[in-house]
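Notes for the structure review
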Amino acid sequence: MSPAEAVKTFIKNGQIIASGGFTITRKSYAIYYEMLRQGIKGIKLCHVTPGGPDELLAAGGCLAGITGCYVGDELVQVIHPYCSRQIKQGNIWHEDYSHYSMILRFKAAAMGLPFLPTHSQVGSDLINPEYDVERKVGLRGKDSRFPLEKFHVMKDPFWPVHQKVCLLPALIPDVTVIHAQIVGEKGTARIMGPLGGDVEEAYAGKKVILTCDQVVPEDYMSKDPNANQIPHHIIDAIVPLPYACHPVSSYMNYDYDAAFLREFHTAMGDDSRRDKWLQEWVYEIKDHWHYLEKLGSERLSKLRANPAYAYNPDNDRSAYMN
Amino acid sequence: MAEQYYSVPEMVVVETSKFVKDEMVIFVGIGLGLLTASLAVKTHAPRATILMEGGTVDSRFAHLPFSVCEPRSAYGCTVTTGLFDILGYNAGGAHADLAILGAAQVDQYGNLNSSMGPRQSGEPFDVLHPGWRATGSGGANDSASGLPFVVNIVHQDRRFPKVVDYLTSPGWMVKEFENGKVKWVPRKEAGLIRGGPVAIVTTQCIMKFDEKTKIAYLAEYFPGTDPGEIKKTIGWDIDISRAVQTEPPSREVINILRNEVDPDKVLLGSLKK
């Protein structure tokens, strides 16, 4: 289906949305652009790893808050300028966990367990009750999708050391959005390159929207089943689109567009340019084909990956090099 | 004074890379950690293994990545997997030897703050309206909870409070929370049975931790800096009696860093501030 159909069918105001991908890799921008165009509100975003869609959804007025471990796009040290300011001003809440804790929360949900233990976060302010954001904004005990506690520390009952561990509650997204390079007609997904947290996020989601670079017969997927990670029965919507993740990368198919990302980040941090950027690149864009047409064939061709590298070794990354 | 053939950030990379020994398994984040581990692999630790949380093991970069999950991060790697395996099995599960981490603040016990704080350091703050915000933990808390770690940090006095304004990653004395009160306990007592901070490498000096007190002391100061001046910038009564001047890096290692590790200045360029 198209991004517009996928958003219309699955995404509603106030949902918990899990965003797959990892900063500048496999973030399904086409879906998030469409969420802005359809005027989705009150989203509680969660992820193993954030990315530019956090900025988009925040700037588009779609976001209530974020549960995650990081506010930025890597690119050495790029903090999301708009999102971080909204967090400081208290307009968007940010519940803070560690990276592994986030994937563990999705894993618990994926396994149908109420919680899983870790030694992460022990001893830190990540488990300081004073900094329990979801409680402070009134979600605990009111919204049944949120756990009654942020964490629970207990002593291991099994081994003589009785190590203290941190139990983390399952996180069940209403919808998970992920991207894979190759997808079978029924939905079997093959992610190429590092997986980040997408498999856990997909299994955790009540519904899963999967954007992809190519759809192939399931027979093709079964020729190399070791290469596939997510079975078809987990997937609810397949959205095949070229450059669905532009301006970020899809391993083996296309590289990230550093100049576009720089322009995007700069505009998001600048009150006089943000709305203009959103008009130009989101609201005045009819659909993904219109977006690609506006980007132009030359720009897109220069992002095409060289199979010897899985990216374009000649990609111009100067926008983020000093 | 002889002409300085290296920059301060280059010195930080060289000094940090010395903590990477051959055959070690190293967990790194994007930026300086990655540069440091890459230099170690190209010089004295060719059999060291680099882990990145996007899901790669033992990458041999053809081009330095901008992210620990972007396509360049996986070039030459021997295992491609996901974040759960890297942080859960390896960094958290003791199948790694060292993490190299950055931070916005580090305190006397090597606790790191990479997340947020009040307008004025030392004051309480409302988590719904933090005075400043940095990117946050990412995998720093997880790796600091399970591994020995080295910290890289720019040397500015606001970055070295006696107690970090928000404890993102645990050092030697950490927090427990009971009935609305904070109790400081040794790392092991809190449940962190492995790892802990080894050293803090700043743009002026190297601090290590006293065996007994677990408080950071000045171990080395870089050429051109002064231990007395460094002491003025540190938020605790730092012991400088053991400090020796760091040898400048060799021209050879600087050449390898510039010409082989980061010839395009992908990461070196960003460290010039």
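Our subject is the structure that appears above.
Residues numbered from 1 in each chain as written. Chains lettered and ligands numbered in written order. Predicted model: local features only at pLDDT ≥ 70, side-chain atom pairs only at ≥ 80, totals over all residues. Heavy atoms only, no water.

**Looking at the packing of helix 2 (residues 32-42) of chain B against helix 7 (residues 251-261) of chain B**
Residue and element names in this part refer to chain B. Here is the rule we go by: Here an angle of 0 to 180 degrees is reported between the N-to-C directions of two axes, which are lines fitted to C-alpha atoms, with helices fitted over the stretch in contact. Numbered from the N terminus, helices here are DSSP runs of H or I no shorter than four residues, and strands are runs of E no shorter than two. Should an angle fall under 35 degrees it is taken as roughly parallel, and over 145 as roughly antiparallel, whereas 65 to 115 is taken as roughly perpendicular and any remaining angle as oblique. The contact criterion used is simple: two residues touch if any of their non-hydrogen atoms lie within 4.5 Å.
For the pair helix 2 and helix 7, interaxial distance at closest approach is 10 Å and the crossing angle is 110°. By the criterion of interaxial angle, the relationship of helix 2 to helix 7 is roughly perpendicular. Across from Leu 35, Ser 38, Leu 39 and Lys 42 in helix 2, the residues of helix 7 making contact are Val 253, Ile 256, Leu 257, Glu 260 and Val 261.

**Points about the packing of aromatic side chains**
For clarity, the cut-off: Planes of paired rings set the category: under 30 degrees apart is stacked, over 60 is edge-to-face and the rest tilted, where pairs are Phe, Tyr or Trp rings (Trp by its six-membered ring) whose centres lie within 6.5 Å. Three labels apply to residues, based on accessible area from a 1.4 Å probe with only protein chains included: buried if under 20% of the type maximum, exposed if over 50%, partly exposed otherwise in between. Placement of a charge over a ring requires the Lys NZ or Arg CZ to be within 6 Å of the ring centre, with the centre-to-atom vector within 35 degrees of the ring normal.
Enumeration over the complete set of coordinates arrives at 18 aromatic pairs over all chains. Ring centres of Tyr 256 of chain A and Phe 66 of chain B lie 6.1 Å apart, and the angle between their planes is 35°; this geometry places the pair in the tilted category. Here Tyr 256 of chain A, found in the loop between strand 11 (237-240) and helix 9 (258-268), pairs with Phe 66 of chain B, found in the loop between strand 3 (56-57) and strand 4 (79-80), and the two come from separate chains. Tyr 256 of chain A gets classed as buried once you look at its relative accessible area, which sits at 0%. Given a relative accessible area of 0%, Phe 66 of chain B falls into the buried group. Taking 5.4 Å as the distance between ring centres and 55° as the angle between the ring planes, the aromatic pair formed by Tyr 309 of chain A and Tyr 311 of chain A counts as tilted. Judged by relative accessible area, which is 25%, Tyr 309 of chain A ranks as partly exposed. Among the residues examined, Tyr 311 of chain A registers a relative accessible area of 0% and is labelled buried. Lying over the aromatic face of Tyr 320 of chain A, Arg 262 of chain A brings its terminal NZ or CZ to 4.2 Å of the ring centre. The lysine or arginine in question, Lys 214 of chain B, covers the ring of Trp 172 of chain B, its NZ or CZ lying 4.1 Å from the ring centre.

**Focus: the nonpolar core**
Test applied: Remark: nonpolar core denotes a set of buried residues (Ala, Val, Leu, Ile, Met, Phe, Trp, Tyr, Cys) joined through side-chain atoms within 4.5 Å.
Within the largest apolar cluster, 177 residues are counted, with the highest numbers of intra-cluster contacts made by Ile 11, Leu 56, Ile 209 and Trp 277 of chain A together with Met 207 of chain B. For Met 207 of chain B, the contacting residues outside a window of four places in its chain are Phe 160, Val 198, Ala 199, Ile 200, Thr 202, Ala 216, Tyr 217, Leu 218, Ala 219, Ile 234, Trp 236 and Ile 238 of chain B. Ile 178, Ala 202, Ile 234 and Ile 238 of chain A belong to the second-largest nonpolar core, a separate cluster that totals 15 residues.

**Looking at the pairing of strand 3 (residues 63-68) of chain A**
Residues and elements named next belong to chain A. The condition that has to hold: Any two strands are treated as partners once DSSP identifies two or more bridges connecting them. By the criterion used throughout, a crossover qualifies as right-handed when its path from the first strand across the helix to the second strand runs clockwise, the strands pointing away from the viewer.
For strand 3, a buried count of five out of six residues is recorded, marking the element as mostly surrounded by other parts of the structure. Alignment of strand 2 (residues 43-46) against strand 3, held across four bridges, turns out to be parallel. Its bridge partner being in strand 3, Lys 44 is matched across the sheet by Gly 65. At this point the chain moves from strand 2, through helix 3 (residues 52-59), to the parallel strand 3, and the crossover so formed is right-handed. Pairing analysis gives four bridges linking strand 3 to strand 4 (residues 93-96), with the strands arranged parallel. In the sheet register, Gly 68 faces strand 4, and the bridge partner there is Asp 96.

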